[in-house]
Amino acid sequence: MRHSLLLALFVCLVGYGSWDPTARGADPTAAAADEKSDDKQDSPQQPEVKQAVAESKPAEPVKEEKKASNVQTLALFALDSNLPEGPGQGGFLGDLAPGLHKMIERIDRAAKDEKIGGIVLRLQNPALGSGKVGELRAAIARARKAGKKVYALVDDITNGDYLLAAACDEIIMPPSGSVTISGVRAEVTFYKDLLDKIGVQADMLQIGDFKGAAEPVTRSEMSPEFRKQFESVIDDLYNQMVDTIAAERKLDRGRVKDLLDLGLFTAAAAKEAGLIDRVAYEDEFRASLKDQAKADEIKLADDYGKQKMDVDFSGFGGMMKLMEMISGGGETKKTSKGKKIAIVYAVGMIMPGESASGLFEATLGGETLVKALRKAEEDENVAAIVLRVNSPGGSALASDLVWREVTRIKKPIVASMGDMAASGGYYISMGADKILVEPRTLTGSIGVVGGKMALAGLFNKLGIKTEVISRGKNSGWESMDQPFSATEREAWLSIMKDIYQQFTTKAAAGRKMEVAELEALAQGRIYTGRQAVANKLADQLGTLDDAVAEAKKLAGLGESEAVERLILPEPKSFFEELLMGPSLEASAVRTVQRELQATMPGLLDVLDDAARLPRLFREPAVTVMPFRLRIR
């Protein structure tokens, strides 16, 4: 083997003229003669020799220049889920089902990528909330401003998803598709008659004439106050829809109203009405892009920006790699010592204790949120905090403890409201230095409700008898058997009044209003984001990115200064979720939720109420939105 290597080296040296002919006994006279011969540049025979040598060489084939193919690459994003907000799950599993902020990061990355010629959004009934639609519309606007054309591929589309598609340059639909945009509708489900039939009495109290959170279990229909406030909200949401469609589709406002009254369109009818741009199958759309771009080929980069995975898990090393990826350990952690903006997510029904994943809905633990805020405060590299709120409220106690933490922290805090930030969701936001809100966010609902379900009638029907021995006039206030006594009702109402006074006083201080001015906006009234800004309950309209920019400004950072985003609470890995008690069933929960929502959404709503309301109403006072409200 060694001799073979030496021989190969010898050949290489000879081939490249690096061998010294005088070495190892070579004849120096012959070498000198060769050198002398080379010096005869004026010899008359030399040109002939050169010519002969040249003629003896075979002619090299002429290489044909290969024409480079013109390939146009577009980034493709499939939106087929509701894109949950929050820190999500760590490891590569968190990238398999991305949340809202990851999807927006990918779109922004494609907008800046010079290799990407455009963006395609394939909308597959994602059923996005209004705040998320606003965030994605803003990302689309940034991409278009960067010079990328954005296309929406849709099969069938409804209200909220249509507003997202309308932000794109073109909407493309197959001939068999349909458009359903029929305005805005609010539905509130009432359970009182059902409760009467089964012998259950909802004994509820409320502070604020418009605080209708308990009406679904105490009434068979809306009270005049309840109807009045929601008519105002629906009117504003409807007007926003009309304005958006008119502006994006370049249609007269009156014409848009007529189209919404009609509501249902085939693909051809939608094209004729100006609601979509092309009726075409996807392959026809790609062929037309090829012609427009004068390209040889159109490539769609499926799931652009998605984390790439090495799927070779063979052997012991492969097994270790898999475990590392699942646990999140394989991710590259940022170690930047530069300035950061912490984004603290407050998503879900607010409850005391730690956050948890339930069968029907995740809950936001007040203790978890307080810890996240303190972590941001203690990180010396965090210059400011953005509190991203998407919550209907919940526990008054937990909301107040979070509010205290927000007001105590000296670093600038900006609240950014998503789909909903009402009641307790507004409570935790009102201590921030600034509040930014989406135009279609539901917010406000400054009021308090409390009470309990008395089950004596149901127990009697089932043959269950309860006997009581008590000492103390108000010892039965927490009993699930009988409604409140007169003295228990008085004591309970006293606590609720005190909490309502705290709510309105703290809100007035946070918004720099007189208490009387704030009280006129309270009473449980609900507002859209646009109405909230007009009434000074929020500072300005804006997305999460706008809130980050505002936080940078409050922290004294330059507009163009790069900052890292620190997401809190920190995403949990698969194993952390597995071992953290209530989150044990997290992945199965999401599967059940999707199936129930797709097949029996009404049943899921009822089960959701049954699961969370008993726990929520164990507290003397609750700051929560009407708990079964659907706006479509």
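That block above? That's the structure.
So, here is what we can say about the structure in this document. Along each chain, the written sequence defines residue order, and numbers are assigned to residues from 1. Reporting of local features is limited, given that this is a predicted model, to residues whose pLDDT is at least 70; pairs of side-chain atoms are given and counted only at 80 or more, and all residues count toward the totals for whole chains, interfaces and linings. Water and hydrogen atoms were dropped before computing side-chain values, which therefore reflect all heavy atoms in the structure.

### A closer look at the pairing of strand 16 (residues 382-391)
Line of reasoning, step 1. Relative accessibility under 20% of the residue-type maximum defines a buried residue, over 50% an exposed one, and the middle range a partly exposed one, all with a 1.4 Å probe and only protein chains included. Note on conventions: DSSP H or I runs of at least 4 residues are helices, E runs of at least 2 residues are strands, and numbering of each starts at the N terminus. Within strand 16, ten of the ten residues are buried, leaving the element largely enclosed by the surrounding structure.
Line of reasoning, step 2. With eight bridges connecting them, strand 12 (residues 340-347) and strand 16 associate as parallel partners. In the sheet register, V344 faces strand 16, and the bridge partner there is L387.
Line of reasoning, step 3. The pairing criterion is simple: DSSP has to find at least two bridges between the two strands. Pairing geometry for strand 16 and strand 18 (residues 413-422), over six bridges, is parallel. Bridged to I385 within strand 18 is I413.

### Observations regarding the environment of I435
Line of reasoning, step 1. Locating I435 in the fold gives a position in strand 19 (residues 434-437).
Line of reasoning, step 2. Between the alpha carbons of I435 and V533 there is a distance of 9.2 Å; along the sequence they are 98 residues apart.
Line of reasoning, step 3. Residues count as neighbours in contact if any of their non-hydrogen atoms are within 4.5 Å of one another. The residues touching I435, leaving out its near neighbours within four places in the chain, are A415, M417, Y426, S429, M430, R511, L537, A538, D539 and Q540.

### Side note on helix 22 (residues 544-554)
Line of reasoning, step 1. All of the buried residues in helix 22 are L544, A547, V548, E550, A551 and K552.
Line of reasoning, step 2. As used in this structure description, the phrase polar contact means that two N or O atoms lie within 3.5 Å; if the pair is within protein, one of them must be able to donate a hydrogen and the other to accept it, and residues adjacent in sequence are counted only when both atoms belong to side chains. For helix 22, the N-terminal capping position is held by T543, with its side-chain oxygen 3.4 Å away from the main-chain nitrogen of D545.

### Re the packing of aromatic side chains
Line of reasoning, step 1. Ring pairs shown here join Phe, Tyr and Trp side chains whose ring centres sit within 6.5 Å, with only the six-membered ring taken for Trp; geometry is labelled stacked below 30 degrees between planes, edge-to-face above 60, and tilted in between. In the structure shown here, the tally under the stated rule is six aromatic pairs.
Line of reasoning, step 2. A centroid spacing of 6.2 Å and a plane angle of 80 degrees characterise the contact between F77 and Y304, whose relative ring orientation is edge-to-face. Of the two residues, F77 sits in strand 1 (residues 71-79) while Y304 sits in the loop between strand 11 (297-302) and helix 14 (315-327), which places them 227 residues apart along the sequence.
Line of reasoning, step 3. The class of F77 is buried, set by a relative accessible area of 1%.
Line of reasoning, step 4. Residue Y304 is classed as buried on the basis of its relative accessible area of 12%.
Line of reasoning, step 5. Members of the aromatic cluster, each reached through a chain of ring pairs, are W477, F484 and W492.

### Observations regarding the packing of helix 5 (residues 100-112) against helix 6 (residues 130-145)
Line of reasoning, step 1. Here the axes come from fitting lines to C-alpha atoms, over the contacting stretch only for helices, and the angles between their N-to-C directions go from 0 to 180 degrees. Packing of helix 5 against helix 6 brings their axes to within 9 Å, and their N-to-C directions diverge by 10 degrees. In terms of their interaxial angle, helix 5 and helix 6 are classed as roughly parallel. Contact residues: helix 5 offers L100, M103, I104, I107, D108 and A111, while helix 6 offers K132, E135, L136, A139, R142 and A143.
Line of reasoning, step 2. Partitioning the contact of helix 5 with helix 6 into residue classes produces eight nonpolar, no polar and four charged. Any angle that is under 35 degrees is reported as roughly parallel, and any over 145 degrees as roughly antiparallel; angles of 65 to 115 degrees are reported as roughly perpendicular and all others as oblique. In this count, Pro and Cys sit with the nonpolar residues alongside Ala, Val, Leu, Ile, Met, Phe, Trp and Tyr, while Asp, Glu, Lys and Arg are called charged and the others, Gly among them, polar.

### Regarding the sheet that holds strand 6 (residues 178-180)
Line of reasoning, step 1. Across the sheet, which stays open at both edges, the three strands sit in the order 4-6-9 with mixed pairing between neighbours. On the outer flanks of this sheet lie strand 4 (156-158) and strand 9 (264-266), each paired with one strand and no other. Ignoring which end each strand starts from, the neighbouring axes of this sheet average 10 degrees apart.
Line of reasoning, step 2. The sheet contact formed by strand 4 and strand 6 spans three bridges and is parallel. Among the inter-strand pairings, T158 is bridged to a residue of strand 6, identified as T180.

### A closer look at the sheet that holds strand 3 (residues 149-154)
Line of reasoning, step 1. Overall, parallel pairing links the six strands, which are arranged 10-5-3-2-1-11 in an open sheet. Each of the sheet's edge strands pairs with one partner strand only, and the pair in question is strand 10 (278-279) and strand 11.
Line of reasoning, step 2. Two elements, strand 2 (residues 118-123) and strand 3, share six bridges in a ladder whose sense is parallel. Within strand 3, the position partnered with G118 by the bridge is K149.
Line of reasoning, step 3. Along the sheet, helix 5 contacts strand 1 and strand 2; its crossing angle with strand 1, the most-contacted strand, is approximately 165 degrees.
Line of reasoning, step 4. The sheet contacts of helix 6 involve strand 1, strand 2 and strand 3, and relative to strand 3 the element is tilted by about 135 degrees.

### Regarding the side chain of E550
Line of reasoning, step 1. Residue placement: E550 occurs in helix 22.
Line of reasoning, step 2. On the accessibility criterion, E550 (7% relative accessible area) is buried.
Line of reasoning, step 3. With residues up to four places along the chain from it excluded, the contact list for E550 reads V414, K434, L436 and Q540.

### Thoughts on helix 6
Line of reasoning, step 1. The span expected for a helix works out to 1.5 Å for each residue beyond the first. Spanning 16 residues, helix 6 covers 23 Å between terminal C-alpha atoms, matching the ideal 22 Å at 1.5 Å per step.
Line of reasoning, step 2. The complete set of buried residues in helix 6 reads G131, K132, V133, G134, E135, L136, A138, A139, I140 and A143.
Line of reasoning, step 3. Phi turns positive, to about 95 degrees, at G147, one or two residues after helix 6.

### Structural notes on the pattern of salt bridges
Line of reasoning, step 1. The salt bridge criterion pairs a side-chain nitrogen of Lys or Arg with a carboxyl oxygen of Asp or Glu, the two atoms within 4 Å. A full pass over the atoms with the stated rule returns 29 salt bridges.
Line of reasoning, step 2. As a salt-bridge pair, E85 and R388 come within 2.7 Å of each other at their nearest N and O atoms. One end of the pair, E85, is in the loop between strand 1 and helix 4 (93-96); the other, R388, is in strand 16, with 303 residues separating them in the sequence. The exposure classification of E85 matches that of R388, with both residues buried.

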